[in-house]
Amino acid sequence: MYETNYHRAGSVDEAAKLMDSAESGKFVAGGQTLIPTMKQRLAAPDSLIDLRHIADLKGISVNGKDVRIGAGTTHYEVASSADLAAVCPGITSLAGHIGDPHVRHMGTIGGSIANNDPAADYPSAMLALGATIHTSKRDIAAADFFTGMFETALEDDEIVTAVSFTAPDACAYSKFPNPASRYAMAGVFVAKGGDGVRVAVTGAGMDGVFRWEAAEQALGSNFSAGALDGLSVDAGDMLSDIHGTAEYRANLVKVMAKRAVAAA
Amino acid sequence: MGIEGIGARVARKEDKRFITGKGRYTDDMVVAGMKHAAFVRSPHAHAAIKGINTDAAAKMPGVIAVLTGDELAADGIGSLICGWMIHSKDGSPMNMGDWRPLAQTKVRYVGDAVAIVVAETKNQARDAAEAVEVDYEQLPAVTEAVAALKDGAPQIHDNAPGNLIYDWEIGDGAAADEAISNAAHVTRVEILNNRLVPNAMEPRATLGQYDEAEDHYTCWTTSQNPHVARLVMSAFYSVAPENKLRVIAPDVGGGFGSKIYIYPEEIVCLWASKKTGVPVKWVADRTESFLTDAHGRDHVTTVEMAFDADNRMTGLKVDTIANLGAYMSLFSSAVPTYLYATLLSGQYTIPAIHCNVRTVYTNTAPVDAYRGAGRPEATYLLERTVETAARELGVSPAELRRKNFIREFPYQTPVIMNYDAGDYEASLNAAMKTADYAGFPARKAEAEKRGKKRGIGMSCYIEACGIAPSQAVGSLGAGVGLWESAEVRVNAVGTVEVLTGSHSHGQGHETTFAQLVADRFGVPLDSVSIVHGDTDKVQMGMGTYGSRSGAVGMSAIVKALDKVEKKAKMIAAHLLEADETDIVIENGQVKVAGTDKALGWHEVALNAYTAHNLPAGMEPGLKEGAFYDPSNFTFPAGCYICEVEVDPDTGKTEIVQFVAADDFGNIINPMIVEGQVHGGIGQGIGQALLEGTSYDPETGQLLTASYMDYTMPRADDVPSYKVSHTVTPCPSNPLGIKGCGEAGAIGSPPAVINAITDAIGNNNLTMPATPQKVWKAMHG
Ligand SMILES: Cc1cc2nc3c(=O)[nH]c(=O)nc-3n(C[C@H](O)[C@H](O)[C@H](O)COP(=O)(O)OP(=O)(O)OC[C@H]3O[C@@H](n4cnc5c(N)ncnc54)[C@H](O)[C@@H]3O)c2cc1C
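These numbers come from a predicted model, not from an experiment.

Chemist: How would you explain the overall build of chain A if you had to name every residue and give the values?
Modeler: The helix and strand inventory of chain A stands at eleven helices and 14 strands. The C-alpha radius of gyration of chain A comes to 18 Å, within 12% of the 18 Å expected for a compact globule of 264 residues. Seen through its principal axes, chain A has C-alpha atoms that stretch 55 × 45 × 30 Å. Across the 264 residues in chain A, those meeting the buried criterion constitute 53%. Restricting to contacts in chain A with at least 6 residues of sequence separation, those with at least 24 account for 57%.

Written out as C-alpha cells, the structure is:
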C-alpha cells in the first residue's frame, strides 16, 4: 500500500468538506473493495475519508411497504433484518450471499452500489426494485444511477446516503457464483409489483447491470418460470472471460431468471 | 498400544500454538537492526534487459541499497541448479539453462527477479522497487509446452535448442508396440494434467543475517528441508561454506513441495545482508506467491492401452510432454521421469510398458514437485484410461480392474519399481462396500427424478513413498542421498528429545514422532520433545517431501531408539545385577522380567549421566544417533470412489459421496493419517474441479494471479469423506509403514473425473471440470 492519510468524518457534510480539501481523496466505507485495491497498489488516494462513523448513514427502516436502507448498513445487517425479510425477502437473501462472513460484517450497501462492480449483487436489486439512490446532493433513480462497468452518476465528492424503494408483491434473487471470487457470474433479481415485473441481471452483461425487458414482458402476462422457455438473452451482449464464455453466461442468465421466478 | 503409543489417536501437540495464533513463522522473526527487502520483478514473460538504472530508486526515502545481478555475479554467487541429472535417450545430458538469482541479460517469465531493494520499511522498499528503471526489449513469449516445441517458437535458453530439455524414455518400446498391434482392443486417450499453484497458507519468506565479527550467516527460511538448503547454498551457490551457514526453518505454514527448493530470494537476502551490513527480511505477498512459487503438474499426454480378448492388459504406451517453466527448479527433472513413469504399471499386471517424456522450457513459472509429484499424473492417466476402456469394452470398471490386479508379491514391474506388498482387491472391496456400489443405480434413478445427473467413478492408485534408497537414486541421476538422520537424547531426568532431519510443516511430527518414544519407553508424551528445522541443532537431514518422514524419518528414529534401549538395558542389568537379555521396559519401568526388581526409566537415565556406577568401560550418557537409508521405496495403494450429481442446467458438479480405502501399512496415529487423507483429497478435488492455472498465451501474463480468478477449494466445495484403511505392513522398514501424505491428492482426481464423465455420458472432459466445461460437454 502507498502511504495515505486517514480522516474520520462525523457527518455527511464534514465528509464532503474533507473530500473537497483532499488532493486525491477517496471515501472508505467497509473497505472491502477499496482496501484490497490499495494493498495491491492499484489505487493510491492521498486521503481516505472514513464514512463508517456517520450515524446518519446507518439503519434500516420499514414502514408498511416503504423501505429505506442507510448507505452505511452492512450486508450482515441487511441479511439479518427480520423487518426487511418480511416485506422483501429477495434483498435479505441477496445480502446473505455476498462474500463471506467477514465481508458481510464490514461491507456496506452504499459502498457496493457506489463501486458498481459489474459482478456485484446489489445493483441488480436496485434496478429490479426501482429503487431511489439518495445522495448528499440529490435523489437519483437506480435506472439513471448505474451508468456502466464501475461507473455511476456520482460526482467525486457526492456521498450515497441511503437507498429507498417500495417493497414488491413478490421478489427473489438467484445467483450463480463465479467459482473463484464468488461474485456473480450471473445474478438475476426478479420483482413483481403493482407496476409490473422487473428483471435485472448482474455479472453477465458487457456493460454491467441491465434489465431483461423481453423477460419482463413475458412474465408480466404469465409470472411463471415456464414463461421464459422460449426466450434468451443475446450472447453478443454478454461478458466473456476465463471463467465463462458469453454463451455460457447467456445460458446462466436464463437459468437463474427461471429459478428466481420459481422462488419469488 | 498405550493411550499415547503407536496406534493411538493422540490430539496434536503442536495445535495449541497454531490455533491460538502463537506459531512462530519466518515473518515473526525479528533481529536487531533488521531491514526489509522488495524485489524488482519482470512484468514481461520474455525480454532482453538492455539496462538497469537504480539512481532514482536509491534516492528514495528509507532506501539502504538497490542491488542488481551484475553485483551479485561479481561477488561470485552461483546460478541455481537442478539437482537430478537426466539423460536423453540418445545419451546426451539434459539441457539446463542458466538461472541467475537476479537476471542479468534476460528475463524469462513474469515475476523473474531482476534487482533487490533494501529499505527501512517494507513499503519504502516497494515504493523504491517501482522506481527502478529496467530497459526491457520485449521478446515473443510461449507458455504452453506443445507450442514451445514447435518450429519457430521463441527460443528461451540458448543451450536448449527448440526449448527441449531432454527426450527421455523408459521401458520396452518394441514390446509395447507389439502388444498394441496384436491387441484385441486398444483404448486411446488424450490427457491434460492441469498446472496448479501450490498456495501454501504461509507465503515464502526469508531473513538473512550476516555476522561480520564471526564471518557467519544465518538464514531463516520457509523450507521443508533446511539441511538441503544449507548444502545447496554452500556447495553450489557459493553463498557461504556449510560451517558458516546456519539455516533455520521455524514453523512453516504448508509447503506441498513448493518449499523444498532453494529460490533466488534466500540467496539474495543472505548476500544482501553482507553487502549492506544489515539483516534483510523478505516476505512474499500473495501475488508473488502466485507468480514465483514453483507450480505443479502441467503435462500433455497420449495413452494407448492394449487388451487381449479376455480383457487382460497386454501393453501400455505413453507419450508425455511436460512443461518445466522458465528454469529448471531443484528436483524438476525427476518429477516427470522417475517419480512418474516408474508408476505406470499402477496396480496392474501389464507385461509391456513404454513411456517417452519430453520436457520443455516455456515463459512461465518453474514447475517442480507438488503434492504427489509425478504420481498424480501417472495415476490420472492410468485410471482415466482404465475407466475409458471399461466403457468401451462394456464391462464393469471394478471387474476390469479386478481382473488385472497384481496379486503376487514381490512384483517386478517393467518400469523399475519392485512392489513389495499390497492387497489391491482388499481396498477395492472395502471401498465398494462403504460406497454401497451396488445401490448406485437406484440412487441414480432417484436423482434423475430431481433433474440431476448422477455418476460414479473409481480410481485404484498406487504410489511410491519413502524416497529413497540412496544408491538406487544415485544410479538414476540424483545428486544427493535420500537417507534420514535422527538423534535421541535422553536427559538425566528421563525426558527425551528427538532431533530429526525431517521437517514438519503441517504433518504433525511433534505428535507422531513422540508417540514412538512414548510407546518404546512408556514415558508420557509430554516428556518427549521433537526438535527439527535448525541446522545448528539437528545433526543432519534430508527433510520432508514425498511422504518420506514416516517411512524414512521415523525409521531413523527407530534405529536410534534401538541403540538407546540397548544401552539403557545394559545399565539397568548392571544396576539390578541381572542379565541384559532379561531386562524389559514397560510403563516407564526398566525391569527384570518375571521379578519385582525394577528401576524407573528416569533412574536409569540419571545413572547414565552421574556415571557413578556404569558397566566397566561404558561411556556416560544416554544419547544415540542413527542414519537410515531405505532399502526400497514403499508402495501405498488404495481405492477411491467418488459419486457426483451434476446440474444439467448450469454444469455444476456436487460431490455427494467420497470414499477412500487406503493401505498405508501400519499406522502410528490414525487421526493424523485421516487428516492427511482429507487434506490430500481436498487438493485432489481442487485439481479435478476448481484449480486451473491460466497464462495468456500471447503475453505470458498469469491470468489467475489472485483468488479472484484462481479457485481454491473451500469447505463447501468438498464433502464429508468416508475414510478407512486396509493394512499390508511394509516389509522393508522396521515400523511397517508406507506413508500417507500424498495419497489423497494422487488418487482422487481420476475418481472425480470418472464420476462426472459417467454422469454426463461424455468422456471428453479436462480438468478442472468447471461448471462451464461440464455444461459444454453436456450441451455441445
Ligand atoms: C472476499 C470478498 C468477497 C466479496 N464478494 C462479493 C460478492 O459476492 N458480491 C458482491 O456484491 N460483493 C462482494 N464483495 C464486495 C463487497 O460487497 C464490498 O462490501 C462492496 O463492494 C463495497 O462496499 P464497502 O462498504 O466495503 O466499500 P469500500 O470498499 O469502502 O468502498 C468502495 C468504493 O465505494 C466508494 N464508497 C463507499 N461508500 C460510499 C458512499 N456512501 N458514497 C459514495 N461512495 C462510497 C468508495 O470511495 C470506493 O470507491 C466481496 C468483497 C470481498 C473482499
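Let us keep going from here.
Chemist: Explain the pairing of strand S10 (residues 160–166) of chain A residue by residue, including any values.
Modeler: Regular strands have side chains that alternate between both faces of the sheet. Residues and elements named next belong to chain A. Among the seven residues of S10, six are classified as buried, and the element is accordingly described as predominantly covered. Both strand S5 (residues 66–70) and S10 contribute to a ladder of five bridges, which runs antiparallel. What sits directly across from Ile 69, in S10, is Val 163. As defined by bridge partners, strand S6 (residues 132–135) adjoins S10 across four bridges and the pair is classed as antiparallel. Across the sheet, residue Thr 135 finds its bridge partner in S10, namely Val 160.

Chemist: So, empty space enclosed by the protein: which residues are in play, and what are the values?
Modeler: Residue and element names in this part refer to chain B. A full pass over the atoms with the stated rule returns seven cavities of 30 Å³ or more. Space inside the largest cavity adds up to approximately 70 Å³. Around the largest cavity, the lining residues are Trp 84, Tyr 338, Leu 339, Thr 342, Ile 416, Met 417, Ile 467, Val 473, Leu 476 and Phe 633. Of the residues assigned to the lining of the largest cavity, the class counts are nine nonpolar, one polar and no charged.

Chemist: An account of the sheet that holds strand S14 (residues 313–323) of chain B is needed here, citing residue identities and associated values.
Modeler: Residue and element names in this part refer to chain B. Strand order in this open sheet of five strands is S7-S15-S14-S13-S8, and the pairing throughout is mixed. Each having just a single partner strand, strand S7 (164–171) and strand S8 (185–193) make up the two edges of the open sheet. Between one strand and the next, the sheet's axes are offset by a mean angle of 10°, whatever the strand orientation. Sheet topology places S7 next to strand S15 (residues 352–360); seven bridges connect them, and they run antiparallel. Its bridge partner lying in S15, Asp 167 is registered against Arg 358. Sitting on the sheet, helix H6 (residues 173–181) touches S7, S8, strand S13 (299–307), S14 and S15, and the angle it makes with S14 is about 120°.

Chemist: Please give an account of the site of the ligand that cites residues and values.
Modeler: Residues and elements named next belong to chain A. Residues in close proximity to the ligand total 27 residues, the closest being Phe 27, Ala 29, Gly 31, Thr 108 and Asp 121. Between Gly 99 and the ligand, the recorded distance is 3.1 Å, taken from a backbone N or O atom to an oxygen atom. Arg 182 is positioned such that a nitrogen or oxygen atom in its backbone is 3.0 Å from an oxygen atom of the ligand. Considered on its own, the ligand offers 960 Å² of accessible surface; in the complex 90% of this is hidden by protein. Of all the secondary-structure elements, those providing two or more residues to the shell around the ligand are strand S2 (25–28) and helix H7 (109–115). Considered class by class, the residues forming the shell around the ligand number twelve nonpolar, ten polar and five charged. When residues are assigned to domains, the shell around the ligand turns out to be shared by domain 1 (5–50) and domain 2 (58–263), each giving three or more.

Chemist: Describe the sheet that holds strand S6 (residues 133–138) of chain B, and please don't skip the residues or the numbers.
Modeler: Residues and elements named next belong to chain B. Strand order in this open sheet of three strands is S4-S2-S6, and the pairing throughout is antiparallel. Bordering the open sheet on either side are strand S4 (106–107) and S6, each of which pairs with just one other strand. In this structure, strand S2 (residues 47–53) lies alongside S4, joined through two bridges in antiparallel fashion. Considered in S4, the bridge of Ala 47 is made with Val 107.

Chemist: Residue-level account of the layout of surface pockets, with values.
Modeler: Residues and elements named next belong to chain B. Taken as a whole, the second largest pocket holds about 860 Å³ of empty space. Counting only elements with at least two residues in the lining of the second largest pocket, the list comes to helix H5 (145–148), S8, S13 and helix H20 (771–779). Here the lining of the second largest pocket is composed, by residue class, of 15 nonpolar, 14 polar and five charged.

Chemist: Describe unusual backbone geometry, naming the residues involved and giving the relevant values.
Modeler: Residue and element names in this part refer to chain B. A cis amide bond, omega -5°, links Phe 409 with the succeeding residue Pro 410. Here Pro 410 lies in the loop between helix H11 (397–404) and strand S16 (411–412). Along the chain, Met 767 connects to Pro 768 via a cis peptide bond; the corresponding omega equals -10°. Relative to the helices and strands, Pro 768 is located in the loop between helix H19 (743–760) and H20. Backbone geometry at Asp 215 places phi at a positive 50°, although glycine is not the residue there. Inspection of the secondary structure puts Asp 215 in the loop between strand S9 (205–211) and strand S10 (216–221). The exposure class assigned to Asp 215 is partly exposed, which follows from its relative accessible area of 29%. One non-glycine residue, Phe 256, adopts positive backbone phi at about 55°. Along the chain, Phe 256 turns up in the loop between strand S11 (245–248) and helix H8 (264–276).

Parameters at a glance
Residues numbered from 1 in each chain as written. Chains lettered and ligands numbered in written order. Predicted model: local features only at pLDDT ≥ 70, side-chain atom pairs only at ≥ 80, totals over all residues. Heavy atoms only, no water. Helix = DSSP H or I, 4+ residues; strand = E, 2+ residues; numbered from the N terminus. Rg over C-alpha atoms; globule rule 2.2 N^0.38 Å. Buried < 20%, exposed > 50% of the residue type's maximum accessible area, 1.4 Å probe, protein only. Contact = heavy atoms within 4.5 Å. Pairing = 2+ DSSP bridges. 1 Å grid on protein atoms, 1.4 Å probe; cavity = no way out; pocket = protein on both sides within 12 Å on 5 of 7 lines; lining within 4 Å. Points joined across faces, edges and corners; volume = space filled by probe spheres on them. Nonpolar A, V, L, I, M, F, W, Y, C, P; charged D, E, K, R; others polar. Axes fitted to C-alpha atoms, helices over the stretch in contact; angles between N-to-C directions. Near = heavy atom within 4 Å. Polar contact = N/O pair within 3.5 Å; in protein donor to acceptor, adjacent residues only side chain to side chain. Areas by Shrake-Rupley, 256 points an atom, 1.4 Å probe, with all protein chains shown as cover. Domains from an automatic or database assignment.

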